[in-house]
Amino acid sequence: MNHDRNKQNLKKLELIMETNMSAGICVAFSGGVDSSLLLKIACDTGKKMHHSVLAVTFETKLHPHGDLDEAKALAESFGAVHKVIEVDEFADPEIMYNPVDRCYRCKNLLFKTLIKAADEEGYHYLMDGSNYDDLNAYRPGMKALKELGIHSPLLELEITKNEIRSLSADLNIVTSNRPSAPCLATRLPYGAVLDFDLLERIDLGEKFIKGLGFYNVRLRAHNDIIRIEIDKEDFMKFMECQEVVIKHLKELGFLYITLDLEGFRSGSMDVNINK
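Residues numbered from 1 in each chain as written. Predicted model: local features only at pLDDT ≥ 70, side-chain atom pairs only at ≥ 80, totals over all residues. Heavy atoms only, no water.

Right, let's talk about helix H8 (residues 196–211) for a bit. Helix length check: H8, at 16 residues, gives a terminal C-alpha distance of 22 Å against a target of 22 Å (1.5 Å per residue), a fit within 8%. Looking only at H8, the buried set comprises Leu198, Leu199, Arg201, Ile202, Asp203, Gly205, Glu206 and Ile209. Against strand E5 (217–222), strand E6 (225–230) and helix H10 (242–251) lie the buried residues of H8. One side-chain oxygen at the N-terminal end of H8 lies 2.9 Å from the backbone nitrogen of Asp197; it belongs to Asp195. Of the residues one or two after H8, Gly213 is the one with positive phi, at around 105°. (Helix = DSSP H or I, 4+ residues; strand = E, 2+ residues; numbered from the N terminus. Expected span 1.5 Å × (residues − 1). Buried < 20%, exposed > 50% of the residue type's maximum accessible area, 1.4 Å probe, protein only. Contact = heavy atoms within 4.5 Å. Polar contact = N/O pair within 3.5 Å; in protein donor to acceptor, adjacent residues only side chain to side chain.)

Turning to the UniProt feature "active site" (unreviewed entry) in the protein, a few remarks are in order. As recorded in UniProt, the feature "active site" (unreviewed entry) lies at Cys183. Tracing the sequence through the fold places Cys183 in the loop between helix H7 (161–170) and H8. By relative accessible area, which is 14% here, Cys183 ends up buried. Contacts of Cys183, omitting those with residues within four sequence positions, involve Leu62, His63 and Arg102. (UniProt positions renumbered as here; feature names shortened; annotations may be inferred.)

To continue, consider the packing of helix H2 (residues 33–49) against H7. In the contact formed by H2 and H7, the axes pass within 10 Å of each other and the chain directions differ by 50°. Looking at the two axes, H2 sits oblique to H7. Between H2 and H7 lies a crossing whose hand is left-handed. Residues Val33, Asp34 and Leu37 of H2 pack against Lys161, Ile164, Arg165, Leu167 and Ser168 of H7. For the contact of H2 with H7, a count of residues per class yields 4 nonpolar, 1 polar and 3 charged. (Axes fitted to C-alpha atoms, helices over the stretch in contact; angles between N-to-C directions. Parallel < 35°, antiparallel > 145°, perpendicular 65-115°, else oblique. Left-handed = near helix turned anticlockwise from the far one by under 90°. Nonpolar A, V, L, I, M, F, W, Y, C, P; charged D, E, K, R; others polar.)

Pairing within the open sheet is mixed, and its 3 strands lie in the order E5-E6-E7. The open sheet is flanked by E5 and strand E7 (256–259), the only strands paired with a single partner. Mean inter-strand twist for the sheet, computed between neighbouring axes without regard to direction, equals 25°. As paired elements, E6 and E7 share 4 bridges and run parallel to each other. Directly across from Ile226, in E7, lies its bridge partner Ile257. (Pairing = 2+ DSSP bridges.)

Together, Ile225, Leu255 and Tyr256 give the surface a local cluster of nonpolar side chains, amounting to about 300 Å² of exposed area. Looking at where Leu255 falls in the secondary structure, it is placed in the loop between H10 and E7. Owing to a relative accessible area of 47%, Leu255 belongs among the partly exposed residues under this scheme. (Patch = residues over 30% accessible without salt bridge, like charges linked within 9 Å, V, L, I, M, F, W, Y side chains within 5 Å. Areas by Shrake-Rupley, 256 points an atom, 1.4 Å probe, with all protein chains shown as cover. Salt bridge = Lys/Arg side-chain N within 4 Å of Asp/Glu carboxyl O.)

Counting through the fold element by element, Ser268 comes out in the segment after E7. Side-chain polar atoms of Ser268 contact the side chain of Glu229, separated by 2.5 Å.

Judged by nonpolar contacts, the single largest core of 29 residues is most densely connected at Leu13, Met17, Ile25, Leu37, Leu39 and Val53. Listing elements by their share of this core, those giving two or more residues are helix H1 (2–20), strand E1 (25–28), H2, helix H3 (68–78), strand E4 (125–127) and H7. When residues of this core are assigned to their parent elements, the largest contribution, 7 residues, is made by H2. The residues touching Val53, leaving out its near neighbours within four places in the chain, are Met21, Ile25, Val27, Leu39, Ala42, Cys43, Ala80, Val81 and Tyr123. Core analysis: the second largest hydrophobic core is formed by 27 residues, Phe90, Ile209, Phe214 and Leu252 among them. (Core = buried A, V, L, I, M, F, W, Y, C linked by side-chain atoms within 4.5 Å.)

Turning our eyes to something else, we now look at the sheet that holds strand E3 (residues 81–86). Within the open sheet, the 4 strands sit side by side as E3-E2-E1-E4. Their pairing is parallel. The two strands at the open ends of the sheet, each matched to only one other strand, are E3 and E4. Strand-to-strand, the axes of this sheet are offset by a mean angle of 25°, without reference to chain direction. On the sheet, helix H4 (residues 102–121) packs against E1, strand E2 (54–59), E3 and E4 and is oriented at approximately 145° with respect to E2.

This is the structure:
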């Protein structure tokens, strides 16, 4: 059944690419599982139709560092034209205070920049990797995408994250099992000032724990407390290396270190938001 569903999804996505290729397809490309699937299918379709595809990766202050080289290598392996755009989210000063509509403000700023850059290069059909599961979460940024006319084929075709991973595996895309890497501002409560030093230390702490073999890792900061979210099935494994984790996090300057007994869950900072 999964194989049949994958074939159906692939045909639908290929049809979208074929229909819009002449307009010039540009994919907002983070290097994650969703945008990688879109870019792979767009590039494969573009080769058959003798059209290039533009992949744009944002370099910002609020996204995990170190992913740009991987995104560039992956985009080029697909055959895309790859462009990195540096965007300062704090051109909107309100973002510094992590407002509840931060994601809307960021997406609005990022994709207005993308539209301008893509238009200058001659690409007019812009796509992002929002998927069907995003409708079940607090995603104010999706409003900005809709307002700006950005297309989200995975969402429009009702393709879920699990289906994206399954189809990506069928297509031998290396990101098929890559964990999500959302904006670092999601590690702080709404209303907290976005301290770059703190965000960098959180990023380093997450990378350290992932390096110990943990898949989903989030460090959520609440004043002097750092709350570790990992998958529940990894709790026992985590307890075996807790001392080395505590030592490293304290070296990074964190004072009180806790393990969240609810485990990893995307959007845990959104629990009191009216969605």
